[in-house]
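Coordinate inspection notes
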Amino acid sequence: MTVNRLSGPLPDPAGETGYPPQPRAGFFTDTSVCIGCKACEVACKQWNLLPEDGMDLTGMSYDNTEALSGTTWRHVAFVEQRGTPADLGIPEFGAPDEQQVRWLMSSDVCKHCTHAACLDVCPTGALIRTEHGTVLVQDDVCNGCGYCVPACPYGVIDIRPDTGGAAKCTMCQDRLGAGLMPACATACPTESIQYGPLDELRERAAMRVDELHEQGVTSARLYGHEPTDGVGGDGAFFLLLDDPEVYGLPPDPVVTTRDLPSMWRHAAAGALTAAALIAGSFLGRRR
């Protein structure tokens, strides 16, 4: 029996769904070593047979996909920053007031939230929790209603224009079942995308942040790793070199279904109050 928990820490999302205990799988994306090659985008599209998005120039530097969508499940963001070393938070080289340039690159993906609002609002059961703790869309069950799209606090899930159904990263569920890594992590030449047991990835990420701080990169921070955050922690988290907003990520995401119980309670209280007032008015007339 599935326990319907909408918020708060949840150590084993798959176990809550009834699967036997096993380490939760996840992604750790270290943006400090991302070179923007887009190998992950290509590998994702090839393995999942996703249509290409064309070569329309978006005006966003070398980024021709711009954002995650129903046909782009991995998206590499290019962020160009100009300023002095102090402004950019990088070790100084050259004149202190000399204008510097740095590129921030990050491969974005579905966060496979601990508390997934897309799963909570799905009326057909098309979105499910897998044995690996990930969130998966069942194409043959999805009716394309789109309720999941506004429910996602990250704006990840989308409707595919060619099929009319919801679509997003599956963390290569078919590959995991065969003992393989996801296609994007396999293709990444710098190991910016790392796949493995989520607890081990969190430990590795904390050590990497300490290493960067020792090297003078004090802006390095983790995003989505904390189990006590607004979504209960992400199954895909990131090491960032600037504020989340710079990468197009929400600074404090919260699962959009968190307040549903209190909303129902308030609605019920309002209905009871209205019923009492109506009953009182009729009784008053009789008197």
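Cut-offs applied
Residues numbered from 1 in each chain as written. Predicted model: local features only at pLDDT ≥ 70, side-chain atom pairs only at ≥ 80, totals over all residues. Heavy atoms only, no water. UniProt positions renumbered as here; feature names shortened; annotations may be inferred. Core = buried A, V, L, I, M, F, W, Y, C linked by side-chain atoms within 4.5 Å. Buried < 20%, exposed > 50% of the residue type's maximum accessible area, 1.4 Å probe, protein only. Contact = heavy atoms within 4.5 Å. Helix = DSSP H or I, 4+ residues; strand = E, 2+ residues; numbered from the N terminus. Expected span 1.5 Å × (residues − 1). Arc of directions from axis to C-beta. Patch = residues over 30% accessible without salt bridge, like charges linked within 9 Å, V, L, I, M, F, W, Y side chains within 5 Å. Areas by Shrake-Rupley, 256 points an atom, 1.4 Å probe, with all protein chains shown as cover. Salt bridge = Lys/Arg side-chain N within 4 Å of Asp/Glu carboxyl O. Phe/Tyr/Trp six-rings, centres within 6.5 Å; stacked < 30°, edge-to-face > 60°. Lys NZ or Arg CZ within 6 Å of the ring centre and 35° of its normal.

- As recorded in an unreviewed UniProt entry, the protein chain goes by the name 4Fe-4S dicluster domain-containing protein, listed as coming from Saccharopolyspora terrae.
- Under Subcellular location (unreviewed entry), UniProt gives the following word-for-word description of the protein chain: "Cell envelope".

**Brief notes about the nonpolar core**
- Of all hydrophobic cores here, the largest spans 58 residues; its most connected members are F27, L127, L239 and L241.
- When residues no more than four places from it in sequence are discounted, the contact partners of L239 are F28, T29, D30, T31, S32, A205, R208, V209, L212, A220, R221 and L222.

**Here's the deal with helix α8 (residues 198–214)**
- With 17 residues, α8 extends 25 Å between its outermost C-alpha atoms, agreeing within 8% with the 24 Å of an ideal straight helix rising 1.5 Å per residue.
- By the burial criterion, the buried members of α8 are L198, L201, R202, A205, R208, V209 and L212. Around the axis of α8, the buried residues are gathered within 125 degrees of arc, so they sit on the same side. Opposite the buried face of α8, at more than 90 degrees from it, the exposed residues are D199, E203, M207 and E214.
- Residues of α8 that are buried make contact with β1 (25–30), β8 (193–197), β9 (221–223) and β10 (236–240).
- One or two steps after α8, the chain reaches G216, where phi turns positive at roughly 95 degrees.

**Describing a nonpolar patch on the surface**
- Judged by side-chain polarity, Y62, V101 and W103 come together as a nonpolar surface patch covering roughly 330 Å² of accessible area.
- Position of V101 among the secondary structure elements: in strand β3 (residues 100–108).

**Considering the packing of aromatic side chains**
- By the definition in use, this model includes three aromatic pairs.
- Consider the rings of F27 and Y195, whose centres lie 6.3 Å apart with planes at 65 degrees: the pair is edge-to-face. On the criterion of sequence distance, the pair formed by F27 in strand β1 and Y195 in strand β8 is long-range, its members being 168 residues apart.
- Residue Y195 is classed as partly exposed on the basis of its relative accessible area, which comes to 21%.
- Look at F28 and F237: their rings are 5.2 Å apart centre to centre, the planes differ by 20 degrees, and that puts the pair in the stacked class. Note that F28 is positioned in strand β1 and F237 in strand β10, a separation of 209 residues in sequence. Assigned by exposure class, F28 and F237 land together as buried.
- A cation sits over an aromatic face here: R74 above F27, 4.7 Å from the ring centre.

**Some points on the UniProt feature "binding site: [4Fe-4S] cluster 3" (unreviewed entry) in the protein chain**
- In the numbering adopted here, UniProt assigns the feature "binding site: [4Fe-4S] cluster 3" (unreviewed entry) to C110, C113, C118 and C152. A compact arrangement is adopted by the annotated residues: their sequence extent is 43 residues, whereas the largest C-alpha distance between any two is 11.3 Å.
- Beyond its immediate sequence surroundings of up to four residues, C118 is in contact with L127, V135, C148 and A151.
- Note on placement: C152 falls in the loop between α5 (148–151) and β6 (158–159).

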